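Coordinate analysis (summary)
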Amino acid sequence: MAQKRFKTEVNQLLNLIIHSLYSHKEIFMRELVSNASDALDKLKYLTLTDEGFKSLHFDPRIDITFNENGKKTLTIRDNGIGMSQEDLDKQLGTIARSGTKKFLDQMKGDAKKDANLIGQFGVGFYSCFMVADHVEVITRKAGEDQAWKWSSDGKNAYTVEAAEREEQGTTIILEVNEEGDEYVNRWQIEQLVKKYSNHIAFPIFLEFDQESYEGEDNKEKKVEHKIEQINTAAALWKRSKSELTDDDYHEFYKSITTDFEDPQFYIHTRAEGTIEYTTLFFIPKKAPFDLYQADYKPGVKLYVKRVFITDDEKELLPPYLRFVRGVIDSEDLPLNVSREILQQNRVMASIKSASVKKLLGEFQKLSESNPEKYTEFIKEFNRPLKEGLYSDYANRDTLLELIRFKSTEVEGYTSLAAYKERMSEDQKAIYYIAGGSEQTLKNSPLMKGYTNKGFEVLIMDDEIDDIVIPTIGRYKDVELKAINKSGAAEDIKTDEDKEKEKAAKPVLDKIKEALGERVKDVVASSRLEDAPACVVVDENDPTVQMQQMLKAMGQTELPDFTPILEVNPDHAIVQKIADLSDADMISDVSNILLDQALLAEGVMIKDPTDFVRRLTEVLSKIL
Ligand code: ADP
């Protein structure tokens, strides 16, 4: 019997679980029962779809026993799909799930935060080492004759050897340590199962000895061996709403996710008619940790007539709704629906589009009926909804109502609708500034030109804004304009400004000549108050910050978009340039003007040495 070492991530994860999940150690029960339930789902599915398994007699169940053979043990047994020798190695010797490495890297050693993250992540099987010093897994894969025993103390190594098991399935035997002591009794087990696994679709039985006293003075002790079912074992989503309480829904949510918290809200829908299906969706309070990872785990499970089909299909809902958890149960899909069929299936397509409409509609209702709760929702999920703006054209109008922005006018968030309400009559567009941190955007020298006129400016500090918002164009009949692009300048120009512009022509030409290729144009600005100059980009070019971001993301092909320099004709520096005749001095000052405008936007200047050299030159001439 050879010993095998765990893969390094397993060791890392085991350490982490033991240290950060300490106060949640009871979740080992949820994890083991949920694995057993998955195994039963998989076998049930095979018996319905695979000729080789159709004759298998199979009465799916989970059994829990404790303190057998005079030892402190807890045993969880299922008659599900089981594991082969190879499965054992793959599933229990390594961490099969992709993304684990990234997850482990995210953990920085803040135990409280870790507990939340790790809870969300779902630690699975290994959590049993919080409560056991030694774990045995005896398992036989459906369709195979040989059973196997895996055992480990959860430290560094495990062994696998041949074993006996009458039926297919898996038995997990925990030799409970001091930490697990409190769970080894009938009441605790019942409570844990009810708390976390009440809605598992298969019956969970508990075996125990019941003692009673009879006879004269109740002195005769009688011990009866009992087996009782301890969960409801019903598909909760098939029950009618009126029968169910918030607690039922919350419990169910926790049983299908790894969240410790109640969901933010849930949406339970039954559709009858040409296509029959039930959906139960949950919105978590906090964004799942893998929301922005390409290999995120989808949150919606597909059932067909209560038979579990898959929890690994990312297309059940559009990707931007990947934070939604829950169940879709269809009456009309075939059981052996493959991934390929699923993706082009008409029934699935209409369930999907109706579900999206339903979800977005409910979000909108919430925004009207409970703005505070909606703000909590937005804090977590504004960004995925913005993704929807460019990926889900059909629902764009609704999504435009749902997204929120920071603004110069209001604390917290505003909707576009509320912005539109506040617009003054002479205001031509919805103004925004995007690209950069909230602070840099708020301090943009361009801002005052608008706010002084009483025009509200939306502060779009989310990286995605810069990509998504320009693609929208307008909200209802109002154009959206970025103030750090050239187009919005015209809107606030007065006749006086136009006069000034004309007068400034010679100095603008002077600066433009000095800057040469570095700028697309040099124009007079009527929107700068204190600053001598600022950079904007041509209406159709990406903002400078965006260009920087795209480059950082590896888009090296990107052409260089040269900015437009807007200069303030009222500013002393600009007026002095008009009087300068020393060509070197004009060149130095113009370049400094451009570089400092770029710096103010939070942009790295390409040639800092040149900037410093010119600055030194100018300073030494004037001092
Ligand atoms: P997860 O369940 O999230 O994949 P786990 O660590 O809980 O992660 O389990 C790892 C794998 O081990 C499972 O995906 C499954 O393949 C296998 N496994 C665990 N428990 C059982 C069981 N009772 N029956 C069959 N396979 C199991």
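See the structure printed just above.
Since this is a predicted model, take the numbers as computed values, not measurements.

Here the focus is the nonpolar core. Among the nonpolar cores identified, the biggest contains 76 residues, and L321, F363, F377 and L385 are the most heavily contacted of them. Sorting elements by how many residues they give to this core places helix α9 (residues 346–369) first, with eight residues. Those residues in contact with L321 that lie beyond four places of it in its chain are V356, L359, L360, F363 and L385. With 56 residues, the next largest nonpolar core counts L74, M83, Y183 and I204 among its residues.

Turning our eyes to something else, we now look at the packing of helix α16 (residues 495–515) against helix α19 (residues 583–600). Running from amino to carboxyl end, α16 crosses α19 at an angle of 85°, the nearest separation of the two axes being 9 Å. Overall, the two elements α16 and α19 adopt an arrangement that is roughly perpendicular. Contacts from K510, I511, A514 and L515 of α16 reach α19 at I586, S587, S590, N591, L593 and L594. When its residues are assigned to classes, the contact of α16 with α19 shows six nonpolar, three polar and one charged.

What follows concerns the site of the ligand. Within the structure, the ligand sits among 11 residues, and N35, D78, Q91, G124 and F125 are positioned closest to it. One of the backbone N or O atoms of F125 is found 2.9 Å from an oxygen atom in the ligand. Taking T170, its side chain carries an N or O atom lying 3.2 Å from a nitrogen atom of the ligand. Sorting the residues of the shell around the ligand by element identifies α2 (27–49) and α3 (85–93) as the ones contributing at least two each. Per-element tally for the shell around the ligand: the top contributor is α2, with three residues. Split by residue class, the shell around the ligand holds five nonpolar, four polar and two charged.

Definitions and limits used
- Residues numbered from 1 in each chain as written.
- Predicted model: local features only at pLDDT ≥ 70, side-chain atom pairs only at ≥ 80, totals over all residues.
- Heavy atoms only, no water.
- Core = buried A, V, L, I, M, F, W, Y, C linked by side-chain atoms within 4.5 Å.
- Buried < 20%, exposed > 50% of the residue type's maximum accessible area, 1.4 Å probe, protein only.
- Helix = DSSP H or I, 4+ residues; strand = E, 2+ residues; numbered from the N terminus.
- Contact = heavy atoms within 4.5 Å.
- Axes fitted to C-alpha atoms, helices over the stretch in contact; angles between N-to-C directions.
- Parallel < 35°, antiparallel > 145°, perpendicular 65-115°, else oblique.
- Nonpolar A, V, L, I, M, F, W, Y, C, P; charged D, E, K, R; others polar.
- Near = heavy atom within 4 Å.
- Polar contact = N/O pair within 3.5 Å; in protein donor to acceptor, adjacent residues only side chain to side chain.

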